[in-house]
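Residue strings, one per chain:
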Amino acid sequence: MASKYDALARIIIQNVGGKSNVISLSHCITRLRFKLKDVSKANTEVLKRTDGVVTVIQSGGQYQVVIGNHVPDVFEAVNNIGGFGTGASEEVSTEHKEKQSPGAALIDIISGVFQPTLGVLAATGMIKGLLALFIFFKVMSNTSGTYQLLYSAADGFFYFLPIFLGLNAAKKFNMNQFTGMAIGASLLYPSIVALSSGKALITVFTGTAFQTNVYTEFLGIPVLLPAGGYASTVVPIIFAVFIASKIEKFWKKIIPDVVKTFVVPMLTLTISIPLTFLVIGPIASILSSAVGFSATNVYNLSPILAGIIVGTFWQVLVIFGLHWGLVPILFMNYSSLGYDSVLSGFFAPSFAQTAVVLAILFKTKDKKIRSLAIPAAISGIFGVTEPAIYGITLPKKKPFIISCIAGGIGGGIMGLAGCKSYMLGGLGIFGFPNYINSKTNDASSMLWAIVAVAVAMIIGFVLTMITYKDDVVEESAVVHDIAGKEEIIYNPIKGEVIALSLVEDDAFSTGALGTGVAIKPTEGVVVAPVDAVVSALFPTGHAIGLTTEHGAEILIHVGMNTVKLNGKHFTCNVKMGEAVKKGQILQLFDRDAIKSEGYSTITPVIITNTDKFADISYSTGKTLNQQDELMSLLHK
Amino acid sequence: MKNFNYKITDDLGIHARPAGLLVKEAGKYSSKIQLICGEKSVEAKKLLGVMGMGIKCKQTVTITAEGEDEAAAIEGMKAFFQENL
């Protein structure tokens, strides 16, 4: 798509040394952040003089081109032309990798790989949820063409998830994106999927808990397929692409350039795909058998404990695709006993997850999280928790842990009550009827299921309400920048915001005193723009300096040359060193009297320790009320 | 460490504008520069600190500089005060 920033984007790419010189690109609030192979190839001076570029800053190994608030549009244009990938989160997680524990690194990779799909994930989750609603209320039949078409619209994405994740994982691990997708596609190839429903060639690990049927072999080596196949799985494709990226790197080095374009993918695919099936398949099937085996044993030991464990770890198992080790137990029990109580604990976690997301929805002020939390909560009610897990709780880690704890408690209650499910029907709220014995109409299990769900939801909701905080650092780590915490300065005086350069005093207009804006007051009241300490108070009361808890120093200087009034027309309400709360009145001034004495009341609001910040952004030209957002500071 | 005393002659004292210039001048040097007036003392590189002193006309201030370029800093600051304050 053509954008009005295309020309600017081309100039930028050209002057950072061309596409090939760019390792990665991300952006924060006002800057394009490049990682360049060779910084000396960049024409910094040309860029600095380019219209639309504020300046160029090099710090922390990044080549930062400062654009302004419209940087997302410029970023998009640069990215369209350069094809650098969606950047933001990618770079952050690779930078973090060394410092993180393997578990945290894996979570970051999983959420990073999901991040570009979140919109579609939430959308398809919603469609699934609504369809479940239509089926339940018999608006639609699940055999009708209408339903099936719509269902394919929703489930196509879920079913073929490994392909989409293959694309994102390939971007992340820096390999050919189509090779990544091809690996995902091969995992789901129809004849491979059909294999596991055929006749077993042999059975391995006979007589042990790991007994697995082998349906096919590769060069004589038995190929074990995970119990549920690879459809909708998450972790296998990420591992597969990770390994493939190493293989690709190796071939890239030794294959001559002339044939590279097709020989490298050819060799990468022929090696990595069999390897994936041979390595990941057995690991996945052995692990899921182990999960199933231990669940049965723990249940025999104590149903309550089994409920707690299944409830706590169900969602973790789902992420790894290992829950398929448990599902066969369910079907075995249905056919032999007519009911199952081993797995009852898995019912509460999806509700716990939904409750956690609802709590976040209540508490967050972050528009991005909110816009995702709404569809995530709705589809969660219908049992589709992927948008909630991958979009919100897992990246934030703590909410995910809370949902596991709450799910575990719910599971424990169901284990304690000996809840029995009689069929595997609907999900989410449509799952309750699964707990009614259709032969005897005994609904006691369902009543306990309701109790367990209610408790799990309350616990999940309350714990999240207590502990959830919009973590600025973490939020910016995903979207903007890890270096800085953002600090918002609110407007202290009602009036029009103008550029500092328009002030008729060059101590201010040149930025010598600091960066900021000026306000043309329409009211003679100055309030504290943030919680702060009064750190400078000129005896005449016309200027006030504040230091915020994060160390930003703000100067509010009412009027020009008003020092000459020697305090006349100014009333100061605070003392030096006093702690003030945002919105508290600091000083009053008589706007008309000052004007009639021939002074301008234009009031610069500036950050005097500008050099402590990576960036200070604001917009001018608008009339703001007191406490509207005025400036955003990005800490270095 | 080097220092000098100066009696402010500007009618308005060290208000925002000269304070800004003072901080800018002090920022040119790597030495630690202190502004002392009466019992109060602040770092001359911090604008809010300098303004917060509320130094008025006819008050005497002491400037101290300590560091590698202290001689240059004292000279520079002296020239600045004579010119502006």
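It should be emphasised that the depicted structure is a prediction, and the values quoted were computed from it without experimental measurement.

Visitor: Outline the overall build of chain A, supporting the account with residue identities and numerical values.
Guide: Along the backbone of chain A there are 22 helices and 22 strands. Within chain A, the fraction of its 636 residues that count as buried is 47%. If you take every contact in chain A between residues at least 6 apart in sequence, the share linking residues at least 24 apart comes to 70%.

Visitor: Tell me about unusual backbone geometry, residues and numbers included.
Guide: All names here are of chain A. Not every positive phi belongs to a glycine, and Asn174 is a case in point at roughly 65 degrees. Along the chain, Asn174 turns up in the loop between helix H8 (161-172) and helix H9 (177-187). Even without glycine at this site, Lys397 takes up a positive phi of about 60 degrees.

Visitor: How would you sum up the sheet that holds strand E20 (residues 613-618) of chain A? Please name residues and give values.
Guide: All names here are of chain A. With antiparallel pairing, 3 strands are arranged side by side in an open sheet as E9-E22-E20. The open sheet is flanked by strand E9 (486-490) and E20, the only strands paired with a single partner. Adjacent strand axes in the sheet meet at a mean angle of 20 degrees when their direction is disregarded. Two strands pair when backbone bridges link them, and E9 and strand E22 (residues 629-635) are joined in this way by 5 bridges, in the antiparallel orientation. Among the inter-strand pairings, Tyr490 is bridged to a residue of E22, identified as Glu629.

Visitor: Could you give an account of the interface of chain B and chain A, with specific residues and numbers?
Guide: Between chain B and chain A, the residue contacts involve 13 residues of the former and 20 residues of the latter. Breaking the side of chain B that touches chain A down by element, the ones donating at least two residues are helix H1 (16-26) and helix H2 (47-52) of chain B. Across the side of chain B that touches chain A, the residue classes break down as 6 nonpolar, 5 polar and 2 charged.

Visitor: Talk me through the sheet that holds strand E12 (residues 525-527) of chain A; I want residue IDs and the actual numbers.
Guide: All names here are of chain A. Judged by pairing direction, the sheet is antiparallel, and its 3 strands sit side by side in the order E12-E18-E16 without closing on themselves. Strand pairing shows two members of the sheet lacking a second neighbour, E12 and strand E16 (570-572), which therefore form its edges. Each strand of the sheet is rotated relative to its neighbour by a mean of 15 degrees, with strand direction disregarded. Note: E12 against strand E18 (residues 585-589), 3 bridges, orientation antiparallel. Residue pairing for E18: Val526 is matched across the bridge by Gln587.

Visitor: So what about the UniProt feature "active site" (unreviewed entry) in chain A? Which residues, and what values?
Guide: Residue and element names in this part refer to chain A. Those residues carrying the UniProt feature "active site" (unreviewed entry) are Cys28 in this numbering. By the secondary structure assignment, Cys28 is in the loop between strand E1 (22-27) and strand E2 (31-36). You can call Cys28 buried: it has 25 C-beta atoms within 10 Å.

Visitor: Give me the lowdown on the packing of H8(A) against H9(A), citing residues and values where you can.
Guide: All names here are of chain A. Look at H8 against H9: their axes get within 7 Å of each other, and the N-to-C directions meet at 150 degrees. In this view, H8 runs roughly antiparallel relative to H9, as classed from their interaxial angle. For H8 against H9, the interelement crossing comes out right-handed. Contact residues: Pro162, Ile163, Leu165, Gly166, Leu167, Ala169, Ala170 and Lys171 in H8; Gln177, Thr179, Gly180, Met181, Ile183, Gly184, Ala185 and Leu187 in H9. In terms of residue class, the contact of H8 with H9 is built from 10 nonpolar, 5 polar and 1 charged.

Visitor: Which residues make up the environment of Gln58(A), and what values go with them?
Guide: Residue and element names in this part refer to chain A. Position of Gln58 relative to the elements: it lies in strand E3 (residues 55-59). When the 13 C-beta atoms within 10 Å are taken as the criterion, Gln58 is described as partly exposed. As a C-alpha pair, Gln58 and Thr44 span 14 residues in sequence and 9.7 Å in three-dimensional space. Excluding residues that lie within four positions of it along the chain, Gln58 makes contacts with Val39, Tyr63 and Gln64.

Criteria and cut-off values
- Residues numbered from 1 in each chain as written.
- Chains lettered and ligands numbered in written order.
- Predicted model: local features only at pLDDT ≥ 70, side-chain atom pairs only at ≥ 80, totals over all residues.
- Helix = DSSP H or I, 4+ residues; strand = E, 2+ residues; numbered from the N terminus.
- Buried ≥ 20, exposed ≤ 12 C-beta atoms within 10 Å, placed from the backbone.
- Contact = placed C-beta atoms within 7 Å.
- Pairing = 2+ DSSP bridges.
- Axes fitted to C-alpha atoms, helices over the stretch in contact; angles between N-to-C directions.
- Nonpolar A, V, L, I, M, F, W, Y, C, P; charged D, E, K, R; others polar.
- UniProt positions renumbered as here; feature names shortened; annotations may be inferred.
- Parallel < 35°, antiparallel > 145°, perpendicular 65-115°, else oblique.
- Left-handed = near helix turned anticlockwise from the far one by under 90°.

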